[in-house]
Structures are given as C-alpha cells and as structure tokens.
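Here is how the chains run, residue by residue.
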Amino acid sequence: MTKGPGATAAAHPGRPAAAVPATPRVWNIANVLTMVRVLLVPVFVALLFAGGGHDPKWRSVAWAAFAVAMITDLFDGEIARRKGLVTDFGKIADPIADKAIMGSALIGLSVLGDLAWWVTVVILARELGITLMRFWVIRYGVIPASRGGKLKTLTQGTAVGMYVLSLTGWMATGRAVLMGLAVLLTVGTALDYIAQAVRLRREGMAAERADR
C-alpha cells in the first residue's frame, strides 16, 4: 500500500515529517572507508614482506598503503559524526580495522627484526586490554577518547610508518625516539583509562545500590 505525503506526519503528531531522523545505510561513505582500511591489511602485509622484507622500494610502497589506511582512519569517524552516518556496524568495524592495520604493522616489523618485540607486546597488550576494559564498564557508561589517547594514536602511527620505511642516519634515530614517546603515551593513557574505568564502575554500582 502506498503511503500518502501525510502518513509520516500522522505517525508523529505535531512533528514535521522532515524532522523524523532517517536510519543511515550500512554502506555509507564512512563505512566504505573503514572497509577499505580492512582490505588494505593483507595488501600492506604482502608489500611489507615483498622482496625479502628489506627491499627499500617495496618498503616505500608498503608505507604508501599504510599511510592510506591511516588517512582513512582520520576521516571515517569524522565523516560519520558530521553527516549523521554512525551505524552499529561502523562502531564495531572501525576499532577492528584500526587494530588490524596497526597490529599487522607491529608484528610484521618485529618478525623482520626491525622493531623490538617488547614494543609490539606492550602496544598490542594495551590496545587489547583497554578494549576489554571498555566492555567491562559499558553497562555504566562509555569512556570517551581523551586528548592523550588521540595524541598516542597520532604518535604511534607516525612512528610505525617511519619504521616501515628504510631509514638510516639521523632519521633512524629520530624514529626510535618517536617510538619511545609513543610507548610512554601508550602506557600513560592506559593508566588514565584504567582510573576512569574504576571510577565509572564504582559510581555506577553506587547508583544501582541507591536505586534499590
């Protein structure tokens, strides 16, 4: 049955039809960018290990793939929020895509002997731990990304990108210093998120007891 122009307004008395929010489609531009990042993961890994894993030309191409993935990470969330394209699929896929590209880069670099394994373990353990912690307190609220967390992501991405490239001399020293800063931010922001989670859970449990 075809609905007339006043059907929507009738379903929402006193509310203009145009004011009824439309559910965003799953395959919107923001989610497409997220999926591009997911699809780039195997491409990046193949390029990273091409030519024995230490060919400067292949490493440059691998860096380009990693850079594109990082750029999509900067834009997909912002586009989703500004254009009203936030979906449940995007909420799940975006962090998975982030951890997939970063995790593959860290593990790949450690396998090749270019990055110490302890750095990879610290960063990946932090990411997994914070993700699980968010689920632990989700019934009481959401822990928002902090400025420190965003700085950590930027520093981490830049440092890993520099390790993907075949750098020597002062640039190699510079990337080591930047990675050291990324590790410090990784640990520091983890402690901050843990404190927020404990406080949020404590306040939530207190509120539940008060409602009984």
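Just above sits the structure.
Residues numbered from 1 in each chain as written. Predicted model: local features only at pLDDT ≥ 70, side-chain atom pairs only at ≥ 80, totals over all residues. Heavy atoms only, no water.

Student: Would you mind showing me how to read helix H2 (residues 29-49) here?
Tutor: Owing to its 3.6 residues per turn, the α-helix aligns residues three or four sequence positions apart on the same side. Here H2 is 21 residues long and its end C-alpha atoms lie 31 Å apart, about the 30 Å a rise of 1.5 Å per residue gives. Maximum bend of H2: about 30 degrees, positioned at leucine 40, with proline proline 42 one to four residues after it. Phi turns positive, to about 65 degrees, at glycine 51, one or two residues after H2. (Helix = DSSP H or I, 4+ residues; strand = E, 2+ residues; numbered from the N terminus. Expected span 1.5 Å × (residues − 1). Bend = angle between axes of the 7 residues up to and from the residue.)

Student: What is the right way to read the nonpolar core from this model?
Tutor: One broad rule of soluble globular proteins: the nonpolar side chains tend to lie buried together. Ranked by size, the top nonpolar core spans 26 residues in total, and within it Phe44, Phe66, Val160 and Met179 carry the most contacts. Elements represented by at least two residues in this core include exactly H2, helix H3 (56-82), helix H4 (88-111), helix H5 (117-137), helix H6 (147-164) and helix H7 (169-211). Counting residues in hydrophobic clusters, the runner-up holds nine residues, among them Ile130, Val137, Tyr140 and Leu200. (Core = buried A, V, L, I, M, F, W, Y, C linked by side-chain atoms within 4.5 Å. Buried < 20%, exposed > 50% of the residue type's maximum accessible area, 1.4 Å probe, protein only.)

Student: Where do I start with the side chain of serine 110 in this structure?
Tutor: Relative to the assigned elements, serine 110 resides in helix H4. A relative accessible area of 4% places serine 110 in the buried class. Reaching out from serine 110, the side chain makes a polar contact with the side chain of threonine 120 at a distance of 2.6 Å. If we ignore the near neighbours within four places in the chain, the residues touching serine 110 are Leu115, Ala116, Trp117 and Thr120. (Polar contact = N/O pair within 3.5 Å; in protein donor to acceptor, adjacent residues only side chain to side chain. Contact = heavy atoms within 4.5 Å.)

Student: Would you take a moment to explain the packing of H6 against H7 for this structure?
Tutor: If you want to describe how two helices pack, look at the angle between their axes and the distance between the axes. One way to put it is that H6 packs onto H7 with a least axis distance of 8 Å and a crossing angle of 150 degrees. Here H6 is positioned roughly antiparallel relative to H7, judged by the angle of their axes. Note on packing geometry: the crossing formed by H6 with H7 is left-handed. Contacts between H6 and H7 involve Gly148, Gly149, Leu151, Lys152, Thr155, Gln156, Thr158, Ala159, Val160, Met162 and Tyr163 from the first element and Met171, Arg175, Ala176, Leu178, Met179, Leu181, Ala182, Leu185, Thr186, Thr189 and Tyr193 from the second. (Axes fitted to C-alpha atoms, helices over the stretch in contact; angles between N-to-C directions. Parallel < 35°, antiparallel > 145°, perpendicular 65-115°, else oblique. Left-handed = near helix turned anticlockwise from the far one by under 90°.)

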